[in-house]
Structures are given as structure tokens and as C-alpha cells.
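Close look at the chain arrangement
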Amino acid sequence: MDDQSPELLSGRINVLHKDIPRISGRTIRKFIKSPYGRRIEAHRNRIHRRRGKRRLRFEITDKRMIDKRPKYIKDRKRIGDTEGDFIVSGKTGAGMLLVVTDRKSRAPFLEKICPVSIRTMENGFRRIKRRFPELKTVTLDNDILFIHHKELERKFHIKIYFCHKHSPWEKPLVENRNKLIRRYIPKGSDISRYTRYYIQKLEAKLQRRIMKCLDYRLPKEILEAHRRRKKKP
């Protein structure tokens, strides 16, 4: 199921599906390694597990630093407070992937940025805002594309917070999401070669990911429940 780990599948079954027998992650792993699970095992072995790092080479001025974030953002009290980052192409490739992840629901939103420019980055944010109108804040690194961050705030009615230099751990949620994305878009890939349809399918798959921190629910389920509550009179 969408490349979920056996332990997450087991947790979701045992917590949310009382109508079927309980099962352990160990039992699921034994099935995958059996002759009946060879196709599943072959698919799992094709998934790459690599990650990369980027270097900071410039300075952005007039930043609102992460230290200024209100406590309710730190404590994940509401939908709409996000972390953002880029996944870049290899040396011979072009394009980037914009990743914005909601801190409370863990719902990720992905946009292909190609060619790379401030304008195409803003268009990517615009498309994410249409799908995720709840967007209120974004915590970012110091990428040069955000040099006009004040204009970005004005256009999308959001607040932007910046991490300290060389401190990716200050946005751990999106860093973790990037690690998952690298299974499907390995380090060194040419992102321009991935279709927007592929990126959309990957976003949907990540939103269906079972998460222990959500009591074995899916980011998509958390976000949909929030929207149903907001619609009630």
C-alpha cells in the first residue's frame, strides 16, 4: 500500500480496523519475503534511499527569524503553519522541486520549478496556495530565490520565517519529507525530466502515508477532517 512500512500498516490495521484480525509488522515482513510476496519485495528493493545537502552562498536581508515564531506554531496547534524547502537536480540536470509540508497534519504539497527563477517559484507557491488555502506561515532556509520574501508575503498573505544558517534541523518535518521523496526522485536526478503528472501522483501518495505520530492516520484524513469541521455552521 503506497510503499508503507510493515510496522505502519500493522499499526493502522490494529488501531483503526477492529473488524479484521490483528497483525504484526513481523508477520507482514515474513509474507513479503515468502514466495507469495516476491513482487512486493522486488518493488521495495528498487526504491532509492539517498539524500543530499546544499551550501549557503549569499545573504538575505530583513529576515523574520525562526526565533520569532509564536509558540502555537512551535506546538503545531493549527493547520496552515508549514515548512518549505527545495530538492535540486544533479549537476547535469535542470529544475527543482518545491516541497511545502503542513506542520500539524503533515500533509505535503509538491511543485516542479522549471526553469528555476523567482517567477516560477512564485507560480509554484500560487498553485500550492490554491490547493491549500489554509496556508498561513512558511519556515524556510536561506535560498536565494527567497531574496524578495517580503513581496512573497504580500502576494500570498502569509508570514515567512527563516532558519539560521546551516541549520536544517530547524525545519525537521520537511527535511524528513525530502528523505521520503528521494526514494522516488533520487539524488542526482534531472528534475526537469519528471512530468507534472508524476509529481502530482507522488504528492497524493505521500498524503496517503500512514503516520504513527498521527495515531496511524493519514495526512489526507487529518486535513479533510479539519475542512469538514470548518464547514459546519
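First, a word on what this report is: a plain description of the structure on this page. (Residues numbered from 1 in each chain as written. Predicted model: local features only at pLDDT ≥ 70, side-chain atom pairs only at ≥ 80, totals over all residues. Heavy atoms only, no water.)

1. Comments concerning the packing of aromatic side chains
What counts is decided by this rule: The aromatic pairing rule takes the rings of Phe, Tyr and Trp, using the six-membered ring of Trp, and pairs them if the centres are within 6.5 Å, calling planes under 30 degrees apart stacked, those over 60 edge-to-face and the rest tilted. Secondary structure elements follow DSSP: runs of H or I no shorter than four residues count as helices, runs of E no shorter than two count as strands, and numbering proceeds from the N terminus. Burial classes follow relative accessibility: with a 1.4 Å probe on protein chains only, a residue under 20% of its type's maximum area counts as buried, one over 50% as exposed, and anything between as partly exposed.
Tallied over the full model, the rule gives 5 aromatic pairs. Measuring from ring centre to ring centre gives 5.3 Å for Phe86 and Phe146, while their planes differ by 15°; the resulting arrangement is stacked. In this pair, Phe86 sits in strand β1 (residues 81-88) while Phe146 sits in the loop between β4 (137-140) and α6 (149-156), placing the two residues 60 residues apart along the sequence. Like Phe146, Phe86 is buried.

2. Section: α6
For clarity, the cut-off: By construction, the arc corresponds to the directions joining the helix axis to the C-beta atoms. We call two residues in contact whenever any of their non-hydrogen atoms come within 4.5 Å of each other.
If you check which residues of α6 are buried, you get His149, Leu152, Glu153 and Phe156. Seen end-on, α6 carries its buried residues on one side only, within an arc spanning 100°. Buried-residue contacts for α6 involve α5 (118-131) and β5 (159-162). Positioned one or two residues after α6, His157 has a phi angle of 55°, which is positive.

3. A short note on the pairing of β5
Put simply, the test is: Two strands are counted as paired when DSSP detects at least two bridges linking them. By the criterion used throughout, a crossover qualifies as right-handed when its path from the first strand across the helix to the second strand runs clockwise, the strands pointing away from the viewer.
In this structure, β4 lies alongside β5, joined through 4 bridges in parallel fashion. Note on β5: the bridge partner recorded for Thr139 is Tyr161. Remark: the β4/α6/β5 crossover connection has right-handed handedness.

4. Considerations on the environment of Arg177
Turning to its location among the elements, Arg177 is positioned in helix α7 (residues 172-181). Overall, the relative accessible area of 1% leaves Arg177 in the buried class. Linking Arg177 and Thr101, residues 76 residues apart in sequence, is a C-alpha distance of 7.8 Å. Non-local contacts of Arg177, meaning those with residues more than four positions away in its chain, are made with Val99, Thr101, Arg106, Pro108, Leu206 and Met211.

5. Concerning a positive patch on the surface
Formally: Surface patches are drawn from residues lacking salt bridges whose relative accessible area is over 30%; two like charges belong together within 9 Å, two nonpolar side chains (Val, Leu, Ile, Met, Phe, Trp, Tyr) within 5 Å. Note on areas: these come from Shrake-Rupley sampling with a 1.4 Å probe, and a residue is covered only by the protein chains present in the view. By salt bridge we mean one thing: a side-chain nitrogen of Lys or Arg within 4 Å of a carboxyl oxygen of Asp or Glu. Lys and Arg are tallied as positive, Asp and Glu as negative. Neither His nor the chain termini are counted. Every charge is mapped onto a representative atom, which is NZ of Lys, CZ of Arg, CG of Asp or CD of Glu.
On the surface, Lys77, Lys104, Arg228, Arg229 and Lys232 cluster together into a patch of positive charge. With respect to the helices, strands and loops of the structure, Lys77 is situated in the loop between α4 (71-74) and β1.

6. Some details on the sheet that holds β1
Using the following cut-off: Between N-to-C directions, angles span 0 to 180 degrees; the directions come from axes that are lines fitted to C-alpha atoms, helices contributing only their stretch in contact.
The mixed open sheet is built from 5 strands, whose spatial order is β3-β2-β1-β4-β5. The open sheet has two edge strands, β3 (108-113) and β5, and neither has a second partner. Pairwise comparison of adjacent strand axes, ignoring direction, gives a mean angle of 25° for this sheet. Along the sheet face, α5 touches β1, β2 (96-102), β3 and β4 and points at about 150° away from the line of β3.

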